[in-house]
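Topology and contacts: notes
Residue-level listing of the chains:
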Amino acid sequence: MEINEGLGLCYYTANLLKRAYPNELMKIKDNTIIIHSVKNSRLLGGKKHMGSMSNRYAHFNRENKRVVITQKYLKDPNMLRTKVNNQSDRVILNGNFAIIELICHELAHFRTKGHAKSFKIKYNKFLNYMVQYIFSGDLYNKYEVFD
């Protein structure tokens with residue numbers, strides 16, 4: 001997968017969620033989702049705010065309301081392990097669905113604290129919406145990455 005294809009799917013997902021839940025997300029702009037690099041550090045307030053991305057695929061920067069995602073993940077979204085309920089309940093997600101799930105997760109951090117109950121409610125709402133959108137066939141009809 002090309003980095004730009006993965007980033008495009010991130011924005012497509014974010015815009016769908018913003019349209020469905022306008023009061024639960026920040027404005028989605030051209031720099032709302034950025035690739036982790038020193039070049040993009042100014043978007044987060046300098047290098048000191050970039051933080052380490054080791055053992056992470058993405059991060060929600062609360063201060064600047066941005067999602068930071070690694071290049072490696074955008075190139076190969078076949079490594080995400082996500083916790084559903086507890087550590088023993090892990091699943092491995094692959095490809096485009098892994099990117100969609102990751103964006104649902106990171107955007108659910110907007111106006112929620114950590115992974116508390118309010119986060120889980122918002123995350124499940126976002127993910128369920130996207131699953132229904134995929135099952136409806138609309139995502140495949142409107143987004144060329146699935147061709």
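Notes on the structure follow. (Residues numbered from 1 in each chain as written. Predicted model: local features only at pLDDT ≥ 70, side-chain atom pairs only at ≥ 80, totals over all residues. Heavy atoms only, no water.)

Attention now goes to the pairing of strand β2 (residues 58–61). Where β2 lies against strand β3 (residues 66–69), 4 bridges are found, and the strand directions are antiparallel. Considered in β3, the bridge of His-59 is made with Val-68. In this antiparallel pair of consecutive strands, β2 and β3, the connection spans 4 residues, and Lys-65 shows a positive phi of 50 degrees. (Pairing = 2+ DSSP bridges. Helix = DSSP H or I, 4+ residues; strand = E, 2+ residues; numbered from the N terminus.)

So, about helix α4 (residues 117–136). The end-to-end C-alpha distance of α4, which contains 20 residues, comes to 28 Å, matching closely the 28 Å that a straight helix rising 1.5 Å per residue would cover. Of the residues making up α4, those classed as buried are Phe-119, Lys-122, Tyr-123, Phe-126, Leu-127, Met-130, Tyr-133 and Ile-134. All buried residues of α4 project into a common sector of 125 degrees when viewed along the axis, lining one side. Exposed positions of α4 whose direction lies more than 90 degrees from the buried face are Lys-117, Gln-132 and Phe-135. (Expected span 1.5 Å × (residues − 1). Buried < 20%, exposed > 50% of the residue type's maximum accessible area, 1.4 Å probe, protein only. Arc of directions from axis to C-beta.)

Turning to the nonpolar core, a few remarks are in order. One broad trend across soluble globular proteins is that nonpolar side chains are buried collectively. Residues Leu-17, Ile-33, Ile-69, Cys-104, Leu-107 and Phe-126 are the most contacted members of the largest nonpolar core, which totals 39 residues. Listing elements by their share of this core, those giving two or more residues are α1 (3–20), β1 (33–35), β2, β3, α2 (71–75), α3 (95–107) and α4. Beyond its immediate stretch of four places on either side in the chain, Cys-104 contacts Leu-17, Tyr-123, Phe-126, Leu-127 and Met-130. (Core = buried A, V, L, I, M, F, W, Y, C linked by side-chain atoms within 4.5 Å. Contact = heavy atoms within 4.5 Å.)

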